[in-house]
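Structure assessment
The primary structure of each chain is shown beneath.
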Amino acid sequence: MGVLELKNVSLTLGGKPVLNDVTVDFWEGHVHALIGPNGAGKSTLASVIMGLPGYTDITGDILLDGERINDLPVHERARRGITLAWQEPARFEGLRVDRFVLAGAKDKSTDTARRVLARVGLDPDKYMQRAVDRTLSGGERKRIELASILAMEPRIVLMDEPDSGIDVEALGRMFDVLVDFKERGATVVMITHSEEVLKHAEHAFLMCNGTILDKGPVDRIDGYFAGHCMPCGHTNEPDAGELQGAFE
Amino acid sequence: MSPTQQQIETARELLASLGAFGAHISGDDVAHLEVHGNEVVGAHLVPGLEVDAEQLDDGVEVHIRVKPGARIAKPIHFCFGMLPEEGLQHIVMDVEAGEDSYAAVQAHCTFPNAVDITHTMDAEVRLKPGATYEYFERHLHGREGGVIVVPKSKVYVGEGAHFKTEFELIKGQAGVIDFDYDVDCDAHSLLDMITRIWGRGKDRISVREAARLNGEDAHAVLQSHIAVKDEAVADVNNSLAANAAGARGHVDCKEIVQGAAVAKAVPIVEVRHPRAHVTHEAAIGSVDSKQLQTLMARGLDEDKATDLIIEALLG
Ligand SMILES: Nc1ncnc2c1ncn2[C@@H]1O[C@H](COP(=O)(O)OP(=O)(O)OP(=O)(O)O)[C@@H](O)[C@H]1O
Ligand SMILES: [Mg+2]
């Protein structure tokens, strides 16, 4: 049994079905990758698991350790160990890096802040006193967000495109952090468009048009990147009629 | 004239009400002045600084001179306040920062037991050419908000001078604030002004920051960061005029509104020279949802997350 399970989860947004009868389970202490084309519903799935506002009106069940958590607010889910790293982390004017990193930390000591920053490759002496605002680059903010998650010692980490906008060195750090999570027995779900990131997972899920199209070992699902997209009726492209209308 | 035992006691109590903020006021090289109601209860000067205080019926008139060329290394500490629940404290402050001088002032205004107190400040500040004068004023009020605070300042920033000022009222309830700073800036001068206020309950906050960049290449940044909750009302009027070549300025107003609170912002920018440039930005709204969600995804409940975001913004 997975530590986190979704059973027949469906969600409609703006009159459009965005998740369609999704059933998946994520295994404790394993690293999972969720791949699929733009608009497939990957980020939506992460938002639904986290219980973000606007993503709670679902049918189906979300189970943590077999217990239904559909009705828990975001912070209660987080207190039970679920957390999310955004593709584009938020900026906080005036909020110091150390305070941000320790906001949800189990151990709120300065040592923790230093340790997690060093782990993501940021010199604590240079970064602790800075603000998590627009003066940090996008990649720096991503590393700091990852540090804040490390400090939290979560059980389930959802990472939305953890590789986007970061350099090769940071990517290496991110893979090290994955090892940290694994060693602690945490479950990781990475959403990605990168074959390299996919290779660091143990299991992969291919999503398209709001459904899980395929799941299995990484080397098989990897075929998606090689151009052998699984058979799927859905296309992101407009049909010929729509195109014609657009140019009239 | 050495202070009486009673004055020493009052000064000590006043400083104690500042908590950790009162801790720095020691050492021969730290200038300080403590005013309780209309009485100077403690003072210490350092070379380069002259302070004259005259007692008024309802407050004090303080003349401050930073001598030309003087560089006062450690911040000067002022503590104004009243320990009783009721009263009036009127401070008249006249400051002259001499040519090429440097001084930084940390002023604390403390009304820990206020039920019905009015604190007014009428200041005139003149920075001579090349002077740098920093004035940081922090208010510490009790929880009940029985304070009417009326700080008014007229500031002249001379050629090449730098005036930096901050007004902060975050701890305790604001009460009624009517803040009004008006600044004229000469050529090559710099002005940095920021107000940070957190209003709660039935607080009424009015902020007016106005500056005119009259000389070439004068630069100014006017900022107000204000958060209001409950039934508090904030009204911010910032105006910046650039009247000379190379004059540049920015007005930045951020207000966070929660509950039944109301916030208004009126930024006025005026440019009277083709080579002057002024920008403004005003953002009023609730706490940013992505910030909130990020902190909630770390386990903070909505109230804790909101407070952390606002505290950070108000700095
Ligand atoms: N609030 C919303 N209202 C309407 N449609 C939405 C809303 N949020 C998402 N969608 C739609 O749901 C679909 C899935 O979006 P989602 O962001 O989950 O895709 P994704 O798989 O993460 O894509 P990408 O790889 O581009 O990040 C998209 O078609 C999107 O337009
Ligand atoms: Mg996405």
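Residues numbered from 1 in each chain as written. Chains lettered and ligands numbered in written order. Predicted model: local features only at pLDDT ≥ 70, side-chain atom pairs only at ≥ 80, totals over all residues. Heavy atoms only, no water.

**Observations concerning the domain arrangement of chain A**
Residues and elements named next belong to chain A. Taken domain by domain, chain A holds domain 1 (4-81 + 154-246) and domain 2 (93-153). Using only C-alpha atoms to locate each centre, domain 1 and domain 2 end up separated by 25 Å. Here domain 1 packs against domain 2, burying approximately 1,300 Å² in sum over the two surfaces, 60% of which is carbon and sulfur. Three residues stand out in domain 1 for area buried against domain 2, namely Pro154, Arg173 and Arg184, and they jointly supply 36% of the buried area on that side. Counting every contact that joins domain 1 to domain 2 gives 4 salt bridges. Here Asp180 and Arg119 are joined by a salt bridge, their closest N and O atoms 2.5 Å apart. Here domain 1 is connected to domain 2 by 6 residue pairs in polar contact (both at pLDDT 80 or more). When contributions to the side of domain 1 that touches domain 2 are tallied by element, the ones reaching two or more residues are β7 (156-160) and α7 (168-183). In terms of residues, the side of domain 1 that touches domain 2 owes the most to one element, α7, which gives 8 residues. Classifying every residue of the side of domain 1 that touches domain 2 gives 10 nonpolar, 2 polar and 9 charged. (Domains from an automatic or database assignment. Buried area = accessible area lost by both parts, 1.4 Å probe. Salt bridge = Lys/Arg side-chain N within 4 Å of Asp/Glu carboxyl O. Polar contact = N/O pair within 3.5 Å; in protein donor to acceptor, adjacent residues only side chain to side chain. Helix = DSSP H or I, 4+ residues; strand = E, 2+ residues; numbered from the N terminus. Nonpolar A, V, L, I, M, F, W, Y, C, P; charged D, E, K, R; others polar.)

**Some remarks on the packing of helix α4 (residues 110-119) of chain A against helix α6 (residues 138-152) of chain A**
Pairs of packed helices are described in terms of their axes, by the angle between the two and the distance that separates them. Residue and element names in this part refer to chain A. Their axes nearest at 8 Å, the elements α4 and α6 cross at an angle of 130 degrees. As judged from the angle between their axes, α4 and α6 are oblique. The handedness of the crossing between α4 and α6 comes out as right-handed. Judged by residue contacts, Thr112, Val116, Leu117 and Arg119 of α4 engage Ile144, Ala147, Leu150 and Ala151 from α6. Per-class residue counts for the contact of α4 with α6 are 6 nonpolar, 1 polar and 1 charged. (Axes fitted to C-alpha atoms, helices over the stretch in contact; angles between N-to-C directions. Parallel < 35°, antiparallel > 145°, perpendicular 65-115°, else oblique. Left-handed = near helix turned anticlockwise from the far one by under 90°. Contact = heavy atoms within 4.5 Å.)

**Section: the confidence of the model for chain B**
Averaged over every residue, the pLDDT of chain B is 93; the share at 70 or more is 99%. The complex prediction reports pTM at 0.83, with the ipTM value standing at 0.91. (pLDDT = per-residue confidence, 0-100.)

**Some details on the environment of B:Ala245**
Residue and element names in this part refer to chain B. With respect to the element layout, Ala245 can be found in the loop between β16 (233-242) and β17 (248-257). In this structure, the C-alpha to C-alpha distance between Ala245 and Leu49, residues 196 residues apart in sequence, is 35 Å. Excluding residues within four positions of it along the chain, Ala245 makes contact with Glu216, Asp217, His273 and Arg275.

**Regarding the packing of aromatic side chains**
Residue and element names in this part refer to chain B. Following the criterion strictly, the structure yields 6 aromatic pairs over all chains and no others. Ring plane angle 55 degrees and centroid distance 5.8 Å describe the contact between Phe78 and Phe80, whose orientation is recorded as tilted. Phe80 matches Phe78 in its accessibility class, with the two residues each being buried. Judged by centre distance (6.3 Å) and plane angle (5 degrees), the ring pair of Tyr133 and Phe163 falls under stacked. One end of the pair, Tyr133, is in strand β9 (residues 132-141); the other, Phe163, is in strand β11 (residues 162-171), and 30 residues separate them in sequence. On the basis of relative accessible area, Phe163 is assigned to the buried category, the value being 2%. An aromatic cluster is defined as three or more aromatic residues linked by ring pairs; in this entry it consists of Phe167, Phe179 and Tyr181. For Lys154, the ring lying beneath its charged end belongs to Tyr156, and the centroid distance is 4.6 Å. (Phe/Tyr/Trp six-rings, centres within 6.5 Å; stacked < 30°, edge-to-face > 60°. Buried < 20%, exposed > 50% of the residue type's maximum accessible area, 1.4 Å probe, protein only. Lys NZ or Arg CZ within 6 Å of the ring centre and 35° of its normal.)

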